[in-house]
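Single-letter residue listing:
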Amino acid sequence: MSAFQLGNLLGRLALSYALIWLVMWLMLACLDWRDAFRRTNHWTGLTATLTTFLIGLIAAQSPGATL
């Protein structure tokens, strides 16, 4: 695996985490950033992050995807 591919995977994972944190912060944690981090680091938040990450990978690998 090249550094380019590794960077893309880690960046996609970081953005997936940030997206889930933003959803937790806006909808469930009532704009409390500490509570949003606690909820995101719970197993349900980590599962949502992994699911978002995998959906993005699958969408990028589809035949119609362009880079």
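All values reported here derive from a predicted model rather than from experimental measurement. (Residues numbered from 1 in each chain as written. Predicted model: local features only at pLDDT ≥ 70, side-chain atom pairs only at ≥ 80, totals over all residues. Heavy atoms only, no water.)

Participant: Help me understand the packing of helix 1 (residues 3-28) against helix 2 (residues 33-40), please; the structure alone is not making it clear to me.
Facilitator: Describing two packed helices takes the angle between their axes plus the distance from one axis to the other. For the pair helix 1 and helix 2, interaxial distance at closest approach is 9 Å and the crossing angle is 125°. Taken together, the axis directions place helix 1 and helix 2 in an arrangement best described as oblique. For the crossing formed where helix 1 meets helix 2, the hand is right-handed. Residues Y17, I20, W21, M24, W25 and L28 of helix 1 lie in contact with helix 2, whose contacting residues are W33, D35, A36, F37, R39 and T40. Within the contact of helix 1 with helix 2, the residues separate by chemical class into nine nonpolar, one polar and two charged. (Axes fitted to C-alpha atoms, helices over the stretch in contact; angles between N-to-C directions. Helix = DSSP H or I, 4+ residues; strand = E, 2+ residues; numbered from the N terminus. Parallel < 35°, antiparallel > 145°, perpendicular 65-115°, else oblique. Left-handed = near helix turned anticlockwise from the far one by under 90°. Contact = heavy atoms within 4.5 Å. Nonpolar A, V, L, I, M, F, W, Y, C, P; charged D, E, K, R; others polar.)

Participant: Looking at this structure, I do not really get the nonpolar core. What am I missing?
Facilitator: As a rule of thumb, soluble globular proteins bury nonpolar side chains together. Listed in full, the five residues of the largest apolar core are I20, W21, M24, A29 and A36. Excluding its chain neighbours within four sequence positions, the residues that come into contact with A36 are W21, M24, W25 and A29. (Core = buried A, V, L, I, M, F, W, Y, C linked by side-chain atoms within 4.5 Å. Buried < 20%, exposed > 50% of the residue type's maximum accessible area, 1.4 Å probe, protein only.)

Participant: Looking at this structure, how should I read the confidence of the model for the protein chain?
Facilitator: For any part of a model where pLDDT is low, the fine detail of the predicted coordinates should not be relied upon. The pLDDT averaged across the protein chain works out to 92; a share of 96% of its residues lies at or above 70. Summarising per-element confidence for the protein chain, the mean pLDDT is lowest in helix 2 (93) and highest in helix 1 (95). (pLDDT = per-residue confidence, 0-100.)

Participant: For this particular structure, what's the right way to read the pattern of salt bridges?
Facilitator: If the charged atoms of two oppositely charged side chains come close together, the side chains can form a pair. Scanning the model with the defined rule gives two salt bridges in all. Residue R38 pairs with D35 through a salt bridge whose shortest N-O separation is 2.4 Å. Separated by three residues within a single helix, R38 and D35 lie in helix 2, roughly one turn from each other. You can call D35 buried: its relative accessible area is 13%. Among the ionic pairs, R39 bridges to D35, the shortest N-O distance being 3.1 Å. Highlighted residues: R39 and D35, both in helix 2, separated by four residues, approximately one helical turn. Look at R39 and you get partly exposed, because its relative accessible area is 29%. Several salt bridges converge on common partners, so that one network encompasses D35, R38 and R39. (Salt bridge = Lys/Arg side-chain N within 4 Å of Asp/Glu carboxyl O.)

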